[in-house]
Amino acid sequence: MRLSLNWLTDYVALEASASEIAEGLDAAGFEVESVRRLDDGIEGVVVGRVEAVSDHPDADKLRVCTVSYGSASEANVVCGAWNFDEGAKVAFAPIGAELPGGFRIGRRRIRGIASEGMICSEEELGLADSSDGILVLPDEAGYPLGMPITLALGLDDTVIDFDITPNRPDAMSVIGLAREASAVFGSELAIPSIELNESGANITDFVKVENESPERCPRYTARTIDGIEIGPSPEWLAARLTASGLRPINNVVDVTNYVLIECGHPLHAFDRQSLAEGLIRVRMAGHDESVETLDKVERKLTPEDLVIADAERPVAIAGIMGGAGSEITAQTKSIVLESAYFEPTGILATSKRLALRSESSARFERGTDPEGVLWASARAASLIQELAGGVVARGVIDEYPVPFERQRICLRPSRTNKILGTRIAPDEQVRLLKAIEIEVTSHSDDEIRTVAPSFRPDLTREIDLIEEVGRLHGYSNIETRLPSSSSHTGGLTPRQRSRRIQSQVLRGAGLDEIKTFSFVGPEDLLNGAGKVTRVANPLRAEESILRPSLLPGLISAARFNLAHRRGEVRFFEIGRVFGALSESGMPNEVEHLAALIAGDPVDASDSDTLGYFAIKGVLEALLNAIGISDARYEPTERAGLHSGRTAAVMVDESPIGVVGELHPSVVRDKGLGARASVFELNQNEVLGRIPAESSFQPFSRYPLALVDLAFVVHEDVAAGDLEAAIRHACGDALESIRLFDVYRGEQVAAECKSLAYALGFAAEDHTLSDDELAALRERAIDGARQECGAELRGLQ
Amino acid sequence: MSAGSEMEALVAQAKQAIGAVADLDALEALASELTGRKSLIAKANQELKDLPPGERPEAGRRIGQARAAINALFEARRGELMAAGEAERIRAERIDVSLPGPSVRIGHEHVISKTIGDLTEILVGMGYRVAEGNEVDTDYYNFEALNTPPGHPARSMQDTLYVESGRGEEVLLRTQTSGVQVHEMESCSPPLYMIAPGRVFRRDTLDPSHSPVFHQIEGLAVDSDLTLGDLAGTLKFFIREYFGGEREIKLRPSYFPFTEPSVEVSMSCFLCDGSGCRTCGHAGWIEVLGAGMVDPNVFGSVGYDSERWTGFAFGLGVERFAMLRYGIPDIRLLYENDQRFLSQF
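Residues numbered from 1 in each chain as written. Chains lettered and ligands numbered in written order. Predicted model: local features only at pLDDT ≥ 70, side-chain atom pairs only at ≥ 80, totals over all residues. Heavy atoms only, no water.

**Quick word on the pattern of salt bridges**
Residues and elements named next belong to chain A. Our working definition: Salt bridges are defined by distance alone: a side-chain nitrogen of Lys or Arg within 4 Å of a carboxyl oxygen of Asp or Glu. Partly exposed describes any residue whose relative accessible area lies between the buried limit of under 20% and the exposed limit of over 50%, with all areas from a 1.4 Å probe on protein chains only and scaled to the type maximum.
Tallied over the entire structure, the rule returns 82 salt bridges over all chains. Among the salt bridges present, the one from R785 reaches E791, with a minimum N-O distance of 4.0 Å. Taking relative accessible area as the criterion, E791 reaches 32% and is therefore assigned partly exposed. In the salt-bridge network here, residues are joined through shared partners; they are R168, D170, E180, R456, D458, E468 and R471.

Now the structure itself:
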């Protein structure tokens with residue numbers, strides 16, 4: 001909402017400066033986006049007249065103009081705009097003039113012709129975001145040549161741009177903001193009185209209104225004005241519309257817009273001659289109906305859309321935009337002036353479906369004043385009469401089957417203070433409410449009985465009044481304190497603490513944490529389009545699927561980095577992933593943790609730093625750090641992973657995740673360098689298995705006896721199984737076991753490998769004797785032989 | 001030769017031999033030769049028994065003295081040789097101390113996680129516990145229970161991404177973490193002090209200041225006598241903890257469907273201290289979060305008695321806090337995961 005201060009002060013006398021007004025209204029809840037003098041940066045630009053126009057000898061798209069701008073001053077300028085002819089009055093910037101943005105006009109040559117100034121567009125003057133062609137002043141306006149353009153265009157004004165919250169449709173108007181300003185600055189609000197001369201025949205002779213949808217249109221009023229003369233608006237009106245961000249069109253349309261900005265009530269004028277049978281029918285659109293709106297777009301309608309129709313066809317989309325067929329044109333002589341109250345949610349739905357928003361819909365969808373309909377209509381009719389002539393018909397059609405009932409609300413002053421933490425006296429609360437026209441019917445120290453004004457649809461409950469008292473009292477006057485209750489302590493859950501440890505361990509292992517989007521595209525999925533959950537209304541195909549895994553995001557991030565710098569990337573991410581929809585229609589949402597190592601090894605001879613064991617080492621450290629020490633790794637296959645180098649991570653016979661190298665084709669396609677390995681864990685499984693805080697475990701205080709054993713097993717035997725067999729055979733006396741060598745080659749049989757372990761034995765209460773140690777050694781060997789077919793190396 | 005002079009000669013010989021030894025290995029070999037089982041001293045000791053009983057004590061004493069003297073010579077020489085060896089090693093092992101150690105790369109926490117962690121730490125210290133909600137939720141929790149029924153104008157403040165669920169527009173990617181409030185209040189009775197950090201989603205195109213995915217932290221306090229003054233005090237404390245003790249805050253009346261009164265909270269600019277600079281758009285103030293007193297309708301939807309309990313809620317954008325604090329100019333940097341960005345935090 002752009003508010004002209006010249007306009008505002010018509011209704012409320014204010015001593016305050018522009019910035020004080022902005023600050024006061026901002027503190028009352030009307031967020032100020034900007035405060036700007038309209039003539040800001042314009043220096044020396046004057047009214048000029050184009051006396052002669054000729055072609056530029058060396059440029060097809062340029063013309064050379066002679067511009068006079070008062071007291072025998074004349075200049076030749078080269079101009080690229082074509083929307084004017086000889087005799088046009090324009091905004092002329094002679095040499096030395098300055099335009100917004102600090103642009104100073106100098107003498108230039110354009111394609112060989114001297115140009116001694118510039119004919120300006122609205123955009124160049126900072127009056128519009130864009131312009132087609134230059135600004136042409138209306139002929140009728142008798143601006144003297146040489147008059148400062150800031151005066152001619154009424155730019156001696158300041159505009160405050162507000163971001164109005166959706167609960168305050170009343171504040172999307174000059175009067176609404178004037179009312180607030182009067183409350184903030186303690187100055188009287190003066191609303192203009194209306195002098196309307198209804199000298200024509202009875203309204204019913206001109207137009208008939210049938211309202212078939214009173215639920216969607218609770219009130220519809222119409223006036224007619226005959227014999228009007230369409231023309232441009234006077235400068236004061238054009239200036240106010242321009243200041244408010246609207247483009248002047250003609251006197252009738254401009255008046256409806258003026259009243260819209262003035263009181264916040266949208267109006268619409270129809271060319272009465274264009275209405276079949278002089279009928280206005282408020283009804284729902286039919287199937288397959290459409291209407292061409294004022295912006296020359298054909299709009300397809302549905303039976304959910306409310307339209308204003310004549311006897312034959314829709315002539316407007318109610319409350320949103322008029323139809324081109326009933327538009328006010330230069331030839332219009334007679335108009336029907338609509339002032340109605342449309343039900344907000346219906347307007348919102350249609351405007352959203354058509355993606356068509358207007359000054360009008362923005363107000364109706366938030367809720368206009370059903371009781372303000374007639375004032376707006378009379379105000380517009382009187383202004384049209386004044387500016388376009390014509391005869392206003394006697395009376396007004398007012399289809400209003402169920403009159404609006406204003407909301408009665410009771411406020412307990414003590415409740416105000418309980419919510420706000422204030423000590424505002426009941427009388428003061430009454431004063432504040434009255435200042436914004438909330439009617440107080442009776443009040444005591446315990447209770448203030450009020451009736452909310454019809455322009456405040458947001459006031460329905462006690463809490464709504466408390467907010468009004470609070471914001472007018474001023475939030476800066478509220479004493480701050482901290483909650484006094486000491487019955488609560490904060491903290492993280494064990495799960496949240498474990499997640500932090502996970503992050504620390506992974507960072508300690510040299511992995512950077514990344515954050516990727518929760519969406520992926522079909523081509524990002526490693527397993528094609530499996531069971532996934534889709535976004536119903538994605539903006540892009542790349543954001544159409546809820547990520548079923550963190551791997552696509554890690555791969556993209558790795559690819560992004562490796563594309564512009566070779567080397568290694570080591571990333572992890574913790575985040576939610578989504579499975580297929582469950583029966584309830586909700587996707588299965590789970591937190592995952594995944595890591596990736598990829599690229600080209602720093603030491604080219606050592607690609608092991610990127611392979612399965614590199615990532616598995618990180619994974620093992622991670623699991624150990626959070627107390628999971630009994631994970632097993634079983635060969636498995638997974639789409640997108642290397643089938644010979646992938647394992648399911650098992651704890652207590654349940655899979656908690658997967659670890660492996662990416663399939664060479666994925667590594668190649670995604671540009672991940674020589675090798676890439678990943679793991680991905682289901683955090684529900686991981687964090688759910690973290691042992692509760694452990695108690696102290698006694699350990700042997702006697703020397704550890706180390707025994708080295710090398711076993712030869714068939715290639716098919718997993719080291720993990722052999723280790724488990726040895727552990728099982730030795731029992732508690734085995735304090736540690738460490739694999740220190742894996743050997744394949746001449747010294748062992750084909751398809752066999754040698755695995756060498758260092759076993760550490762100890763007893764809790766004595767030093768192991770040689771005999772005991774020998775027995776334990778035999779048990780280890782027996783166990784390995786029986787469970788895995790392992791032979792002690794060297795005994796073959 | 002008497003046993004006495006024999007021993008003296010032995011010690012003298014030993015002294016000479018020990019002095020001539022140049023390395024520790026030779027010294028130990030010599031030690032074995034001169035004091036070991038087959039040494040002259042050992043032999044003399046064995047022969048004690050052949051002496052007349054009257055001479056034995058004196059001879060034994062002399063042998064003992066000689067052994068002690070030789071051992072002392074060895075010990076001294078051992079010390080000298082070790083010191084010389086170490087001195088030589090120190091000379092030989094001299095290094096360029098400016099050479100780097102073997103690289104131990106430590107990874108970095110993402111700045112969003114870091115910011116959530118820092119903010120959470122402050123709020124946990126203020127007595128809040130941390131709740132987690134789902135990123136996919138229903139319309140009920142994201143809007144309706146938050147006093148935003150269908151057709152409510154506030155819904156158009158946020159463009160929602162919906163999930164293809166076969167249930168129309170009922171299942172959605174949450175547009176705010178505020179829904180966690182409702183889940184938590186449904187499962188706990190007051191008093192309640194909780195925060196909920198998490199991801200939220202909007203149907204926005206990625207540009208320097210918008211992202212379809214971003215993070216919020218929602219806060220909720222419900223107790224028997226909480227006021228707007230408590231909210232203001234809490235936020236002032238919190239903002240000062242994070243942005244510095246000199247920050248002032250300002251509340252502007254605003255509108256959110258699920259709080260009333262609602263406020264938009266600004267803080268005095270931490271770069272220019274309120275005098276106006278580029279970061280604060282020359283306003284001196286920076287908007288940092290939205291907040292308000294919990295709307296009675298929200299309490300109604302979870303069955304809390306709004307006459308007995310009052311509460312406040314606040315919601316902040318994590319990316320906004322991070323971008324302000326670290327001067328990050330473009331939100332896209334946060335999701336691009338460029339290592340040169342990641343390694344800065």
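Once the structure has been displayed, the description carries forward.
**Here's the deal with the packing of helix 5 (residues 111-125) of chain B against helix 8 (residues 228-243) of chain B**
Residue and element names in this part refer to chain B. Where we set the bar: Note on geometry: axes are C-alpha line fits, over the in-contact stretch for helices, and angles between N-to-C directions span 0 to 180 degrees. Numbering of helices and strands runs from the N terminus; a helix is a DSSP stretch of H or I covering at least four residues, while a strand is a stretch of E covering at least two. In these notes the angle categories are as follows: under 35 degrees is roughly parallel, over 145 is roughly antiparallel, 65 to 115 is roughly perpendicular, and the rest is oblique. For any pair of crossing helices, the crossing counts as left-handed if the nearer helix is rotated counterclockwise from the farther one by less than a right angle, and right-handed if it is rotated clockwise. Any two residues whose heavy atoms approach within 4.5 Å are treated as being in contact.
Relative to each other, helix 5 and helix 8 sit at 135 degrees, their axes nearing to 10 Å. On the basis of the axis angle, helix 5 is oblique to helix 8. For the crossing formed where helix 5 meets helix 8, the hand is right-handed. Along the contact surface, helix 5 presents T115, D118, L119, I122 and L123, while helix 8 presents F238, E241 and Y242.

**Thoughts on the layout of surface pockets**
Residue and element names in this part refer to chain A. Note the threshold: Think of a 1 Å grid over the protein atoms and nothing else: a 1.4 Å probe that fits but is trapped marks a cavity, an open set flanked by protein within 12 Å on at least five of seven lines marks a pocket, and residues with an atom within 4 Å of a point count as lining. Grid points are joined across faces, edges and corners, and a volume is the space filled by probe spheres set on the points. Just so you know the grouping, Ala, Val, Leu, Ile, Met, Phe, Trp, Tyr, Cys and Pro go in nonpolar, Asp, Glu, Lys and Arg go in charged, and all remaining residues, Gly too, go in polar.
Looking at the second largest pocket, its volume works out to about 1900 Å³. Those elements giving two or more residues to the lining of the second largest pocket turn out to be helix 15 (612-625), strand 34 (632-635), strand 35 (641-651), helix 18 (719-730), strand 39 (734-743) and strand 40 (752-761). The element that contributes the greatest number of residues to the lining of the second largest pocket is helix 15, accounting for 8 residues. Residue composition of the lining of the second largest pocket, by class: 18 nonpolar, 9 polar and 17 charged.

**What to know about the domain arrangement of chain B**
Defined as follows: Bear in mind that the domain bounds are from an automatic or database domain assignment.
Taken domain by domain, chain B holds domain 1 (3-93) and domain 2 (111-342). Placing the centre of domain 1 of chain B and that of domain 2 of chain B at their C-alpha centroids yields a distance of 86 Å.

**Focus on a negative patch on the surface**
The condition is simple: Patches were defined on residues exceeding 30% relative accessible area and lacking a salt bridge, with like-charge contacts within 9 Å and nonpolar side-chain contacts (Val, Leu, Ile, Met, Phe, Trp, Tyr) within 5 Å. The protein chains shown are the only cover counted for residues, whose accessible areas, like all others here, come from Shrake-Rupley with a 1.4 Å probe. We score Asp and Glu as negative and Lys and Arg as positive, and we do not count His or the chain ends. By convention, the point assigned to a charge is CZ for Arg, NZ for Lys, CD for Glu and CG for Asp.
Taken together, D732(A), E764(A), D765(A), D770(A), D771(A) and E772(A) make up a surface patch of like negative charges. As for its placement among the helices and strands, D765(A) is situated in the loop between strand 40 and helix 19 (770-788).

**Focus on the interface of chain A and chain B**
In many reports, interface size means the accessible area that the parts give up when they come together. Definition in use: The buried area of a pairing is the accessible area, by a 1.4 Å probe, that goes missing from both parts when the two are put together, added over both.
At the interface, 81 residues of chain A touch 92 residues of chain B. Between chain A and chain B lies a buried interface of about 7100 Å² when both sides are counted; carbon and sulfur atoms form 54% of it. Summed over the shared surface of chain A and chain B, the number is 10 salt bridges. Taking the shortest distance from any N to any O, the salt bridge between R461(A) and E260(B) comes out at 3.3 Å.

**So, the sheet that holds strand 38 (residues 705-714) of chain A**
Residues and elements named next belong to chain A. Put simply, the rule reads: Only when DSSP finds a minimum of two bridges between them are two strands counted as paired.
Across the sheet, 4 strands lie side by side as 39-40-38-41; this open sheet has antiparallel pairing. Strands at the two margins of the open sheet, each flanked by one partner only, are strand 39 and strand 41 (791-792). Relative to strand 40, strand 38 is paired through 10 bridges, and the arrangement is antiparallel. When the sheet's bridge partners are listed, D708 is paired in strand 40 with A758. Running over the sheet, helix 18 touches strand 38, strand 39 and strand 40 and is turned about 35 degrees from strand 40. Those strands touched by helix 19 are strand 38, strand 40 and strand 41, and its axis lies near 20 degrees from that of strand 38.

**So, the packing of aromatic side chains**
Operational definition: In summary, the pairing rule links any two rings of Phe, Tyr or Trp, Trp by its six-membered ring, whose centres are within 6.5 Å, and it sorts them by plane angle into stacked for under 30 degrees, edge-to-face for over 60 and tilted for everything else. Cation placement over rings: the criterion is NZ of Lys or CZ of Arg within 6 Å of the ring centroid and within 35° of the ring normal.
Summed over all chains, the structure comprises 22 aromatic pairs over all chains. Ring centres of W7(A) and Y258(A) lie 4.4 Å apart, and the angle between their planes is 15 degrees; on these two criteria the pair is classed as stacked. In this pair, W7(A) is assigned in helix 1 (residues 5-11) and Y258(A) in helix 6 (residues 251-263), connecting sequence segments 251 residues apart. For W7(A), a relative accessible area of 0% corresponds to the buried category. Under the relative-accessibility criterion, Y258(A) is labelled buried at 3%. Ring geometry for F342(A) versus F364(A): centroids 5.0 Å apart, planes at 75 degrees, classification edge-to-face. Taken together, the residues F342(A) in the loop between strand 23 (334-341) and helix 7 (344-354) and F364(A) in helix 8 (residues 359-364) connect sequence positions 22 residues apart. You'll find F342(A) and F364(A) in the same group, each marked buried. An aromatic cluster is defined as three or more aromatic residues linked by ring pairs; in this entry it consists of Y128(B), Y193(B), F238(B), Y242(B), F243(B), F270(B), F314(B) and F321(B). Geometry around W82(A) places R63(A) over its ring, the cationic atom sitting 4.4 Å from the centre. Taking NZ or CZ as reference, K616(A) lies 4.2 Å from the ring centre of Y633(A), over its face.

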